[in-house]
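Chains, contacts and geometry: an overview
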Amino acid sequence: MSMLERYEPLVDDPERFRAACRRPLPHAVRVNSIKSNIARAETALTDAGVTHERADWHPRLFRLPEDQPGANWPYVHGWLHGQEEVSVLPATVLSPEPGERVWDACAAPGSKTTQLAALMNDTGLVVGTDADVGRIAPLRSNAERLGVTNLAITHEDARNHSLRPFDGTPYDRVLVDVPCSCEGTVRKNSDVLDEWTLDRIEGVSGVQKGILRRAVEVTRDGGTVVYSTCTFAPEENEAVLDFVLGRRSCRLVDFDIPLDHAPGVTEWQGETFDPAVRRAKRIYPHQNDTGGFFCAKLEVTGS
Amino acid sequence: MSDDGGPTNVGTRFDRLPATAAERTVSGRATREAVLAFWANRYGIDRAVFADHSFWERGAGKLWAFRGDIDSPAKVQGLGMTVLRTRQEHWKPTLEATQRFGRHATRNCVRLPQSAAERFLAGRDQSLDWDGDWGYLLVTHELAGDPEPLGVGLYVHGELRSMVPKGRRREL
Ligand SMILES: C[S@@+](CC[C@H](N)C(=O)[O-])C[C@H]1O[C@@H](n2cnc3c(N)ncnc32)[C@H](O)[C@@H]1O
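Only a predicted model underlies this, so the values are computations on that prediction, with no experimental measurement involved.

The rules behind each value
- Residues numbered from 1 in each chain as written.
- Chains lettered and ligands numbered in written order.
- Predicted model: local features only at pLDDT ≥ 70, side-chain atom pairs only at ≥ 80, totals over all residues.
- Heavy atoms only, no water.
- Domains from an automatic or database assignment.
- Buried area = accessible area lost by both parts, 1.4 Å probe.
- Salt bridge = Lys/Arg side-chain N within 4 Å of Asp/Glu carboxyl O.
- Polar contact = N/O pair within 3.5 Å; in protein donor to acceptor, adjacent residues only side chain to side chain.
- Nonpolar A, V, L, I, M, F, W, Y, C, P; charged D, E, K, R; others polar.
- Near = heavy atom within 4 Å.
- Areas by Shrake-Rupley, 256 points an atom, 1.4 Å probe, with all protein chains shown as cover.
- 1 Å grid on protein atoms, 1.4 Å probe; cavity = no way out; pocket = protein on both sides within 12 Å on 5 of 7 lines; lining within 4 Å.
- Sits in = over half its atoms within 2 Å of the grid points.
- Helix = DSSP H or I, 4+ residues; strand = E, 2+ residues; numbered from the N terminus.
- Buried < 20%, exposed > 50% of the residue type's maximum accessible area, 1.4 Å probe, protein only.
- Contact = heavy atoms within 4.5 Å.
- Pairing = 2+ DSSP bridges.
- Axes fitted to C-alpha atoms, helices over the stretch in contact; angles between N-to-C directions.
- Phe/Tyr/Trp six-rings, centres within 6.5 Å; stacked < 30°, edge-to-face > 60°.
- Lys NZ or Arg CZ within 6 Å of the ring centre and 35° of its normal.

Residues and elements named next belong to chain B. One can read the domain layout of chain B as domain 1 (15-97) and domain 2 (108-168). Computed over C-alpha atoms only, the centres of domain 1 and domain 2 are separated by 24 Å. When domain 1 packs against domain 2, the two sides together hide about 970 Å² of surface, and 60% of this comes from carbon and sulfur. The largest contributions to the domain 1 side of the interface with domain 2 come from Arg42, Tyr43 and Leu95, which together make up 60% of the buried area. Inspection of the domain 1/domain 2 interface yields two salt bridges. The salt bridge partner of Arg42 is Asp133, with a shortest N-O separation of 3.9 Å. Where domain 1 packs against domain 2, one counts five residue pairs in polar contact (both at pLDDT 80 or more). Of the residues assigned to the side of domain 1 that touches domain 2, the class counts are four nonpolar, two polar and three charged.

If you want it as structure tokens, here you go:
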């Protein structure tokens, strides 16, 4: 069975789903409020001759139908960051406030880390963790180009994240943007279709559970955790949520997003999940002409 | 090695700068006071601009600015951004610090026309008509109608040398 066939039973319109997965995705950039603002970034793009259109659902996003994001003046100045459109969602859902303590558990190369820092006006504390030593330098470099100074970077397995360098104080909010089988990025990279295997899904779901479990542990009572993937597989999405709901004091909460989506699924291949997983959001490529995505919001309730 | 037998400057950890020379335990380490004085004296950047930042050294001479504070020494892989290269005769600001804090500068800034800014960004040296100080200048150019700090150039002998690090160079 191919990857796309596997998820057809879940989607409302399999034909449009399949067609959308085969269409390439335009580049997009996010305007970085630490160094610029929307009006100035738009002027700079126009002056640089870069064709751009504002995404209707997010004020800081521009699509670049003809250009790469990296070769223009506003990019050089860190006014812009190349980021897939739908991937601005989880930081928006986490919605950190200036002055808070935030952990980005799987941070590299830092698209969402730098977005979190910007939402916090570069105040408070962002801890960005990644387990892959080769991805620490790109994370640092993106953060520096975007002018982020409230970020501490740690190289460790997020499942064993240590609060020791940070006073042992728990976080107000945590973003858990886990490694995944990346099925939803098929429009950027069609190799995803050829390289897809069921083993990969099964291999990564244990890591996802461990990271989300640690995230809930290091968040204060009443704090927020957002879990996101760019994949369709329920094994990596609802099953991971179901795992922590059964083991940690937390609950899934409702939230609104300005994109069409489907609810989380409560049944998959003979397994049933906690009915609360319906509060998570599945975003299929044909719904908003984006990449595929999954996003859930949890509140830590304390014991 | 520090000459007073105190802690040394270890390459894999971050140490907060002492506030003043009186509190210094690692020889050669810059102080917060000296860093603030450097930005204020050379570039006219008000000390208040850095009021919420702590300064850290990792390795010999590379300083980082971190918004906020944590316990020192810190065993982390990054703490804010690199801002200044010290432990050399002339301290050198980084491109990142210039872009982040340079708009507060009032002197030793040179504004380049667009074609010169492109050469500078590509890493090329060029002649410059400048009758101010020699040494590291903050380079700006116009972007979206206002001057915007871009990076650091070394002005010597009528020439502006681009200090844009290799990884940040671009041909636009
Ligand atoms: C989906 S990517 C993160 C993308 C990033 N949030 C962004 O927006 O730029 C997942 C990241 O998790 C990292 N990773 C994999 N296993 C990990 C673990 N056990 N702990 C921490 N990070 C891990 C990978 O190296 C990869 O950089």
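From this point, the narrative continues.
With that out of the way, let us pick up the site of the ligand. Residues and elements named next belong to chain A. In the neighbourhood of the ligand, 20 residues make up the surrounding shell, with Asp130, Arg135, Asp157, Ala158 and Asp177 lying closest. The contact in question runs from an oxygen atom of the ligand to an N or O atom on the backbone of Ala108, over 3.1 Å. The contact in question runs from an oxygen atom of the ligand to an N or O atom on the side chain of Asp130, over 2.6 Å. For the ligand, whose unbound accessible area comes to 600 Å², protein coverage reaches 86%. One can see that the ligand is located within the largest pocket. Of all the secondary structure elements, the ones that give two or more residues to the shell around the ligand are helix 6 (111-119) and helix 9 (198-217). Its residues placed into classes, the shell around the ligand shows eleven nonpolar, two polar and seven charged.

With the rule as written, the count across this model stands at 32 salt bridges over all chains. Note that Arg6 of chain A is salt-bridged to Glu235 of chain A, the shortest N-O span being 2.4 Å. Within this pair, whereas Arg6 of chain A is found in helix 1 (residues 3-7), its partner Glu235 of chain A is found in the loop between strand 9 (219-229) and helix 10 (238-245), the two being separated by 229 residues in sequence. A residue is classified by how much of its surface remains accessible, and Arg6 of chain A, at 3% relative accessible area, is buried. Two residues, Arg40 of chain A and Glu148 of chain B, come together in a salt bridge whose shortest N-O distance is 3.7 Å. In this pair, Arg40 of chain A sits in helix 3 (residues 38-47) while Glu148 of chain B sits in strand 10 (residues 146-156), so the two residues belong to two different chains. The partly exposed category is assigned to Arg40 of chain A, whose relative accessible area is 21%. Residues joined by salt bridges that share partners form a network here, namely Arg13, Asp15, Arg29, Glu57 and Arg87 of chain B.

A common way to report how large an interface is uses the accessible area buried once the components associate. Residue and element names in this part refer to chain A. If you check the domain split of chain A, you get domain 1 (3-25 + 84-300) and domain 2 (26-83). Taking only C-alpha atoms, the centre of domain 1 and the centre of domain 2 are 24 Å apart. The partner domain 2 presents 21 residues to the 24 residues of domain 1 that form the contact. Across the domain 1/domain 2 interface, buried area totals approximately 1800 Å², and carbon plus sulfur atoms make up 57% of it. For domain 1, the biggest contributors to the area lost against domain 2 are Glu85, Arg145 and Leu146; these three give 38% of the whole. Applying the counting rule to domain 1 against domain 2 returns one salt bridge. Note that Arg63 and Glu85 form a salt bridge whose closest N and O atoms lie 2.7 Å from each other. Linking domain 1 with domain 2 are 13 residue pairs in polar contact (both at pLDDT 80 or more). Of all elements in the fold, only helix 5 (89-94), helix 6 and helix 7 (136-145) reach the threshold of two or more residues within the side of domain 1 that touches domain 2. Ranked by residues supplied to the side of domain 1 that touches domain 2, first place goes to helix 6 with six residues.

This part covers the environment of Leu17 of chain B. All names here are of chain B. Residue position: Leu17 is located in the loop between strand 1 (15-16) and helix 1 (32-43). Along the sequence, Leu17 and Val35 sit 18 residues apart, while their C-alpha atoms lie 9.4 Å from each other. When sequence neighbours within four positions are dropped, the list of residues in contact with Leu17 reads Arg29, Ala30, Thr31, Arg32, Val35, Phe55, Trp56, Glu57 and Leu63.

Residues and elements named next belong to chain A. Overall, antiparallel pairing links the four strands, which are arranged 2-3-1-4 in an open sheet. With one partner strand each, in any of the chains shown, strand 2 (53-54) and strand 4 (80-82) form the two edges of the open sheet. As judged from the three bridges shared by strand 1 (residues 27-31) and strand 4, these two strands associate in the antiparallel manner. Looking at the pairing, Val29 lines up with Gly82 of strand 4. This element, helix 3, spans strand 1, strand 2, strand 3 (61-64) and strand 4 of the sheet and lies at about 15° to strand 3.

Applying the stated criterion to the full structure yields 15 aromatic pairs over all chains. A ring pair is formed by Phe232 of chain A and Tyr284 of chain A, whose centres lie 5.7 Å apart and whose planes are at 25°; its orientation type is stacked. Pair noted here: Phe232 of chain A is in the loop between strand 9 and helix 10 and Tyr284 of chain A is in the loop between strand 14 (281-283) and helix 11 (285-288), with a separation of 52 residues, a long-range link. One exposure class covers both Phe232 of chain A and Tyr284 of chain A, and it is buried. For the pair Phe38 of chain B and Trp39 of chain B, a centre-to-centre distance of 5.6 Å together with 70° between the ring planes defines the contact as edge-to-face. Overall, the relative accessible area of 1% leaves Trp39 of chain B in the buried class. What links up through ring pairs into an aromatic cluster is the set Phe38, Trp39, Tyr43, Phe50, Phe55, Trp91 and Phe101 of chain B. The lysine or arginine in question, Arg145 of chain A, covers the ring of Tyr75 of chain A, its NZ or CZ lying 3.9 Å from the ring centre. Over the ring of Phe255 of chain A we find Lys281 of chain A; its NZ or CZ atom is 4.6 Å from the centre of that ring.

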